[in-house]
Number of protein chains: 2
Amino acid sequence: MTQGYFDNKKNEYVITDMFPRRPLIDYLWSDSVFCSLEHFGGGTVSARIDNEKRVFICGNNLVYIKENGEYYSANRNFKQEKFDRYEAHVGLGYHKVVSEYKGIKTEHTIIIPKDGFAQLNNIKVTNLTDKKRKTDLYSYIQLNLATSWHHSYSRAGFDEGSGGLLFTHNGYDLPTKYNTILALSDVPLAAYSVTKSDFTGIYGDFFAPDSLKKDRLSCNGATFDGELCSAMQFTLELKPNETRDINIAVVLDKTYDGALKAAKKYSLQKTYENELKYQKELHEKYLPVFVAETPDEYFDTMINVWLKRQLLLDRGSFAGKGFRDLMQDIAAYTTIDPERAKRYLLLMLKHQYEDGNPIRMIQPNFHYPYNDCGVWITGAVLAYLKETGDLAILNEVLTYMKGDSYENAIAKDAFMYEPYVAAEKSDTVLEHIDRAVNYLINCKGKHGLVLWRGGDWNDSLNNCGLKNVGESVWLSIATVKSCNEYIELLEYLGKDSSKIKAARDELTANILKYGVEDGRFIYGYNDEGDKIGSKESKQAKFYLNPQTWSILSGIVKGEKADELMKKVDKTLKCPFGYQQCYPSYSHSDDAIGRASYFVEGLVENGGVYNHGVAFKIASDCVRKNGDDAYNTLKMMYYSNPENPDNGVEPYMLSNMYIGPECPYKQMRGFAPMSGNTGTAPWIYMDMTEYILGVKADFNGLKVQPCFPKEWDKVRVKRIFRENEYDIEFVKSDENGIIFDGKAVKGNILPIGERNSKHKVTVYFNG
Amino acid sequence: MTQGYFDNKKNEYVITDMFPRRPLIDYLWSDSVFCSLEHFGGGTVSARIDNEKRVFICGNNLVYIKENGEYYSANRNFKQEKFDRYEAHVGLGYHKVVSEYKGIKTEHTIIIPKDGFAQLNNIKVTNLTDKKRKTDLYSYIQLNLATSWHHSYSRAGFDEGSGGLLFTHNGYDLPTKYNTILALSDVPLAAYSVTKSDFTGIYGDFFAPDSLKKDRLSCNGATFDGELCSAMQFTLELKPNETRDINIAVVLDKTYDGALKAAKKYSLQKTYENELKYQKELHEKYLPVFVAETPDEYFDTMINVWLKRQLLLDRGSFAGKGFRDLMQDIAAYTTIDPERAKRYLLLMLKHQYEDGNPIRMIQPNFHYPYNDCGVWITGAVLAYLKETGDLAILNEVLTYMKGDSYENAIAKDAFMYEPYVAAEKSDTVLEHIDRAVNYLINCKGKHGLVLWRGGDWNDSLNNCGLKNVGESVWLSIATVKSCNEYIELLEYLGKDSSKIKAARDELTANILKYGVEDGRFIYGYNDEGDKIGSKESKQAKFYLNPQTWSILSGIVKGEKADELMKKVDKTLKCPFGYQQCYPSYSHSDDAIGRASYFVEGLVENGGVYNHGVAFKIASDCVRKNGDDAYNTLKMMYYSNPENPDNGVEPYMLSNMYIGPECPYKQMRGFAPMSGNTGTAPWIYMDMTEYILGVKADFNGLKVQPCFPKEWDKVRVKRIFRENEYDIEFVKSDENGIIFDGKAVKGNILPIGERNSKHKVTVYFNG
């Protein structure tokens, strides 16, 4: 287990074990820059330019301190020396590494400013002793400039005009014009170096760079070198207990003038402070929307701070926007940032083909004919409408994408980026939803189930239905759930839902007829007519999602649901969660696809795919079993005692723990990936809407808790439709709600006037 | 200057300074594998599979020795400890690193076997002391397996079936099926590791790998890791003065069975010894073809051994085959390997478009409309015919590539690989040559000079003629040279050459009318009608190649030629050779192209581009000025005292020394690249055919030396048409040749019966 602690006053996670099983990842971002860091501060910084990702910093970001010929890296501590203090502070909108060693305190803070293509580095160095000292401080930041293989286009060296280090890759007919990097500090350079090999020595390394063995960095410019860096040496005279700030901005631009202007601004101490302040205000704006106090401190911290932040990551931001992914994110973050939810809803709904089926991913467009994207629309739209009451969105008119989703995908090279081609037809948002639902209920195979085509939620069952024959039971169940949501919307709008209801009931009947085996669900039928996720299957005989979704969709209820979940427990449960399927595929099968090629226990092949576990938790709450929900959730915690040293960042959820069938023992239970996952929105909804049971509804705030038995006192503060609700949950023999001193019938808390505050007591029979 | 020496008995270069300015590169190759190594032994190994390059080893190849808890890297010596002996032996067909330290001798030899996709590592360890010792030896080889981004496809671990380490990346719909790597040793493993992070530690490095601090490597298998390695630990008990061999084969295959079979064979000591023997025999076959003894030992060594080897590199072998490049290589290595010359001649001539102009590069096909490729055909064909007498090749029938070279290129994405599409028409080789020459003499612009189109030899003047208006003076001159060669061929065949002669004379007249300025040549006119390489040009006012080629083509002769070269000396000469142009472009210009974007002094932009210098040396010999030729050649030597520590491998020629105008002082004169260059064939021809003046001719061996004045005694042994010529050159007052005791008229040595040997004395008036 990673050593560190949550500093809830500062909204920080403080990593104290700086050498955990794997580097912990942190993210910083603005609308134009995305930065992924290891906890030491090094990583990748990309600018978003015309939907392309332009990486301009990539690799180490180091601070070295040298005195009297002895040196160490203050933020990376390569030699793992015994520092007096050594911490990484994961903050909201900043990342800070602090160390104290030999009487010098160093704080290296990295932020991404609100606008522009830049990374700001503030290095604060403090003389902790009462002696005057002369200290050399070095900043090393690895750059990425070579946007073509013609290294002769690159120039790197000192820039007289600014006093900084200038890097250009000015070439003939390049893919991007953003080829100027300027690194500028607000403290004059004593010396510099511009290439990795010059800094470390061509035979040296970062543990003991050759250039630190000399008095000064070389001050050589360079060309014809792929590994450029901004290496700056500052010679500081520090009085007793004096603190000095050094600010280094690394900016990317098309032109020298643009870079100069930006770097001058961003290298100011004042700018750094303003940007920090902006980050603080930004996060203070949305954090109060939902605040929990339960007996489980980690549960609270995740809801109150960290999951909110993870939601807004937008799945790694520039990594391509999955339709399905965004819809689930929207469903969760609509409470936090409804404007953003609206913007993305409208953007994504434009990316339905004329047949109603959306594209799998945009930016870049990915045309593989996945067939499930439509089922995620209704949940996202309902969440948005209930949170905001903004029914007007339903009348916004949007185009479709030209073509038929299946034929289009089959015809195209699936990874090709192609510009958006609008169909002639455009429709209101409501009609877009209608078309998505109707696409699904009409896209059926010979068992009357929904066609599988290129895949569904399970991206890796990607060759079960490509021939247009295979049918997915899970996708059929998910379609039933989407129909339910659409019916709820139509009924709220006072519109006729009978056609959808009839289609849903017919689909449900087919699911029960062809999808059930021994009281549980199979995953589907592939193009060859073989059952997938069945006792007849050669491998992966039992899948998690069809079971949990049968409950989420209302197809299975009550005792039958409990029985079903007992089967799930028996087959799929392991010490760190629930496997996506069992037994894992160990032989590849082209009639199944990628999943069968993955190593046993990896990702969708028998891994504990946390997204699936999150569905399971929701289904436990639908079954009104708070204990099952909570106990499952706790298996996912970084602190799960049954899965120690799992590698996960305590302040994020990972999408996977490697499953128990992995052939490599030491990898079982390990989370190799960081927080770019659909697990985050679902766990956020699990915690807030399913377990705490506080959920926006059309006409008020619905309260329907499903606590674990051990909880007897819970408090939730929620801002909803500009009302503040302070809700105390009190265990009692009777259920009942007191709203502003009065008993409320049902479980909907009414909406008062703007900015009104409500005291609510919810008595629950635990 | 790199420290080391040539061991001529063993045909080795021995590097003794193991930490030169930059790593020295060595190459090993077969028809199916290409291996590029740093002198320590690490590097890249690629298999050639269906014209694709599949890298399967990439990075460090290390040997560590550990005794009593202390360890060091025997071949890489990271900490630069004071070894008793430490050398890299660059051999013909093998690379060996030898070290002695603390009483242990380690010899690590790498070879690429004749067949198959494999690298063999032989590690010989000797106890130099008279004490018994227990030694742990580790081999670490970095692999490259991930042929898709789905790391979950990868498996790595111990293979019970072979006792080796097995790595597979078995995935759905992958670009290659060659995804099985097996590393097998002939000594059983004491322990192993399969990922870099496991070996070094995730926070460690190769200087002090975490796993060496433990008794045993982890023996963990792995998946989901991009950085796989074969790390093997062997525990050896060594008697006093005992030597032990460990053989490790790393093989790539489609299947486990295939890999197993190959690895079993290639990990045998016997196989290693046989392969070494094969390499020795292979090189012994062609080395005697031309053997020189001159007063300049380095000159001899380069001809006798190292340039021959560099020629056969085929320009990095799998890096794409340039038409122009191959033609020049063929012209040189036809003496060494006429069969290979024939094979490539026929392959390349198929890659002329129907209009006669060849494609710029094949494997993959590169369609940018370079216009010079045709001028290189006649020289290559003449060289082949004169060497072999194989006139029959002229009647071989070959197809053309479909289409018009200019329109085809303009229409295509220039880098796209497209399969060969044959035109309906096919022709004999002689007609192919005719069509190439006629293409050039008919492809003229408004000054009656040859159109520039996408470029000529100077790849980086790639936008002077794209609009089909610009004309290249150099290309016109080169066309005259090609016409001369074609005329020579036609006349030898007794065919009419009058049409070609007339065209050549007309072109020559236009060159002299529009290409001359102040007694020297400009480079051309671009699409805008601006002169390039002229005093009117804003930059790069003087180019080297048009001057040297005016002499090579016979357009300028005698005193005029000497005067011209004085101008060249005045403007372009620098301490490490001749700049390609002066002054270097310092401002980019889209009406010129890439050259104007390169940093000053780099590559074709004012760099000392050695290929151009090689043309200059040939032209000096045409002017009969052996001193100029030789002095120019010596400037290119790694040992040039005016350009110390230039970085170049003593056993290879580099394509460039960075020019004196480079803004970065420390880079001037530096050779950043290794031996993948057209410099090699031309310098080989300069040395053998121009300076030593021994050159194949249709009816015998031509002798026409152009020695520097200081040479008074030279001996050349030459095998030609299965005759051995032992030629002694003796300085004398008179010129004259004694052939097998008889005076010969003229300078052609006759061809005797098969396997006959001839003693020749050439008296030259030095």
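About the thresholds
Residues numbered from 1 in each chain as written. Chains lettered and ligands numbered in written order. Predicted model: local features only at pLDDT ≥ 70, side-chain atom pairs only at ≥ 80, totals over all residues. Heavy atoms only, no water. Helix = DSSP H or I, 4+ residues; strand = E, 2+ residues; numbered from the N terminus. Rg over C-alpha atoms; globule rule 2.2 N^0.38 Å. Buried < 20%, exposed > 50% of the residue type's maximum accessible area, 1.4 Å probe, protein only. Contact = heavy atoms within 4.5 Å. Areas by Shrake-Rupley, 256 points an atom, 1.4 Å probe, with all protein chains shown as cover. Domains from an automatic or database assignment. Buried area = accessible area lost by both parts, 1.4 Å probe. Salt bridge = Lys/Arg side-chain N within 4 Å of Asp/Glu carboxyl O. Pairing = 2+ DSSP bridges. Axes fitted to C-alpha atoms, helices over the stretch in contact; angles between N-to-C directions. Polar contact = N/O pair within 3.5 Å; in protein donor to acceptor, adjacent residues only side chain to side chain. Nonpolar A, V, L, I, M, F, W, Y, C, P; charged D, E, K, R; others polar. Least-squares fit on C-alpha atoms with pLDDT ≥ 70 in both. Patch = residues over 30% accessible without salt bridge, like charges linked within 9 Å, V, L, I, M, F, W, Y side chains within 5 Å. Lys, Arg positive; Asp, Glu negative; His and termini not counted. Charge placed at Lys NZ, Arg CZ, Asp CG, Glu CD. Core = buried A, V, L, I, M, F, W, Y, C linked by side-chain atoms within 4.5 Å. Parallel < 35°, antiparallel > 145°, perpendicular 65-115°, else oblique. Left-handed = near helix turned anticlockwise from the far one by under 90°. Expected span 1.5 Å × (residues − 1).

### Points about the overall build of chain A
- Helix and strand counts for chain A come out as 16 helices and 42 strands.
- Taken against the 2.2 N^0.38 rule, which gives 27 Å for 766 residues, the C-alpha radius of gyration of chain A at 28 Å falls within 12% of a compact globule.
- A total of 766 residues make up chain A; the buried ones form 64% of that total.
- Partitioning the contacts of chain A with sequence separation of at least 6, the portion at a separation of at least 24 is 67%.
- Counting only carbon and sulfur atoms, one obtains 48% of the accessible surface of chain A, whose full area is about 28100 Å².

### Some thoughts on the domain arrangement of chain A
All names here are of chain A.
- For chain A, the assigned domains read domain 1 (4–284), domain 2 (295–571 + 593–604) and domain 3 (694–764).
- On a C-alpha basis, the centres of domain 2 and domain 3 stand 31 Å from each other.
- At the interface, 13 residues of domain 2 touch 11 residues of domain 3.
- A buried area of about 990 Å², summed over both sides, lies between domain 2 and domain 3, and 64% of it is on carbon and sulfur atoms.
- Our count for the contact surface shared by domain 2 and domain 3 stands at 2 salt bridges.
- With its nearest N and O atoms 3.8 Å apart, the salt bridge here joins Lys 386 to Asp 697.

### Comments concerning the sheet that holds strand β8 (residues 85–90) of chain B
All names here are of chain B.
- With antiparallel pairing, 10 strands are arranged side by side in an open sheet as β1-β2-β8-β9-β10-β11-β18-β15-β14-β13. Looking at which strands have only one partner, the edges of the open sheet turn out to be β1 (4–7) and β13 (154–159). Within this sheet the neighbouring strands show an average axis-to-axis angle of 15°, counted without direction.
- Relative to strand β2 (residues 12–15), β1 runs antiparallel, the two sharing 4 bridges.

### Points about the sheet that holds strand β1 (residues 4–7) of chain A
Residue and element names in this part refer to chain A.
- One open sheet accounts for 10 strands, arranged β1-β2-β8-β9-β10-β11-β18-β15-β14-β13; its pairing is antiparallel. Single-partner strands in this sheet number two, and they are β1 and β13 (154–159). Direction aside, the axes of adjacent strands within the sheet are offset by 15° on average.

### A short note on the side chain of Thr168(B)
Residue and element names in this part refer to chain B.
- Turning to its location among the elements, Thr 168 is positioned in strand β14 (residues 164–169).
- The buried category is assigned to Thr 168, whose relative accessible area is 17%.
- Once residues within four sequence positions are removed from consideration, Thr 168 is found in contact with Leu 145, Tyr 153, Ser 154, Arg 155, Asn 179 and Thr 180.

### So, the interface of chain B and chain A
- At the junction of the two partners, chain B supplies 52 residues and chain A supplies 51 residues.
- Summing the contributions of chain B and of chain A, the shared interface buries around 4000 Å²; its carbon and sulfur component is 60%.
- Counting the surface chain B buries against chain A, the share from its top three residues, Arg155(B), Tyr172(B) and Tyr203(B), is 23%.
- There are 2 salt bridges connecting chain B and chain A.
- Across the chain B-chain A interface, the total number found is 14 residue pairs in polar contact (both at pLDDT 80 or more).
- In the side of chain B that touches chain A, the residues fall into 27 nonpolar, 17 polar and 8 charged.

### Overview of the relation of the copies chain B and chain A
- Between chain B and chain A, which share one sequence, the superposing operator has a rotation angle of 180° and an axial displacement of 0.0 Å; the RMSD is 0.0 Å. The operation mapping one copy onto its partner corresponds to a two-fold rotation axis.
- By residue overlap, the copies meet face to face through one surface: 98% of the interface positions of chain B are interface positions in chain A.

### Things to note about a negative patch on the surface
- On the surface, Glu354(B), Asp404(B), Glu407(B) and Glu424(B) cluster together into a patch of negative charge.
- Mapped onto the elements of the fold, Asp404(B) is located in the loop between β22 (397–401) and α8 (405–411).

### Description of the pattern of salt bridges
- A full pass over the atoms with the stated rule returns 84 salt bridges over all chains.
- Connected through salt bridges with shared partners, the residues Arg324(A), Asp325(A), Arg360(A), Asp372(A) and Asp459(A) form a single ionic network.

### Here's the deal with the nonpolar core
All names here are of chain B.
- Among the nonpolar cores identified, the biggest contains 232 residues, and Phe 167, Phe 299, Met 327, Leu 692, Ile 727 and Phe 729 are the most heavily contacted of them.
- Here this core gets 11 residues from one element, more than from any other, and that element is helix α10 (residues 473–492).
- If we ignore the near neighbours within four places in the chain, the residues touching Leu 692 are Phe 290, Ala 292, Thr 294, Phe 299, Ile 303, Met 687, Pro 705, Phe 707, Trp 711, Val 714, Val 716 and Phe 729.

### Here we look at the packing of helix α5 (residues 323–333) of chain B against helix α6 (residues 338–349) of chain B
Residue and element names in this part refer to chain B.
- As a packed pair, α5 and α6 sit with axes 9 Å apart at the nearest point and diverge in direction by 155°. As summarised for this structure, α5 and α6 are arranged roughly antiparallel, according to the angle between their axes. Between α5 and α6 lies a crossing of left-handed hand. Residues Phe 323, Leu 326, Met 327, Ile 330 and Tyr 333 of α5 lie in contact with α6, whose contacting residues are Pro 338, Arg 340, Ala 341, Tyr 344, Leu 345, Met 348 and Leu 349.
- The class makeup of the residues in the contact of α5 with α6 is 11 nonpolar, no polar and 1 charged.

### Here's the deal with α10(B)
Residue and element names in this part refer to chain B.
- Here α10 is 20 residues long and its end C-alpha atoms lie 29 Å apart, about the 28 Å a rise of 1.5 Å per residue gives.
- For α10, the buried fraction is high: 16 of the 20 residues fall into the buried class.
- Regarding α10, its N-cap is Ser 472, as a side-chain oxygen of that residue lies 3.4 Å from the backbone nitrogen of Trp 474 further along.
- Of the residues flanking the end of α10, it is Gly 494, one or two places downstream, whose phi is positive at about 75°.

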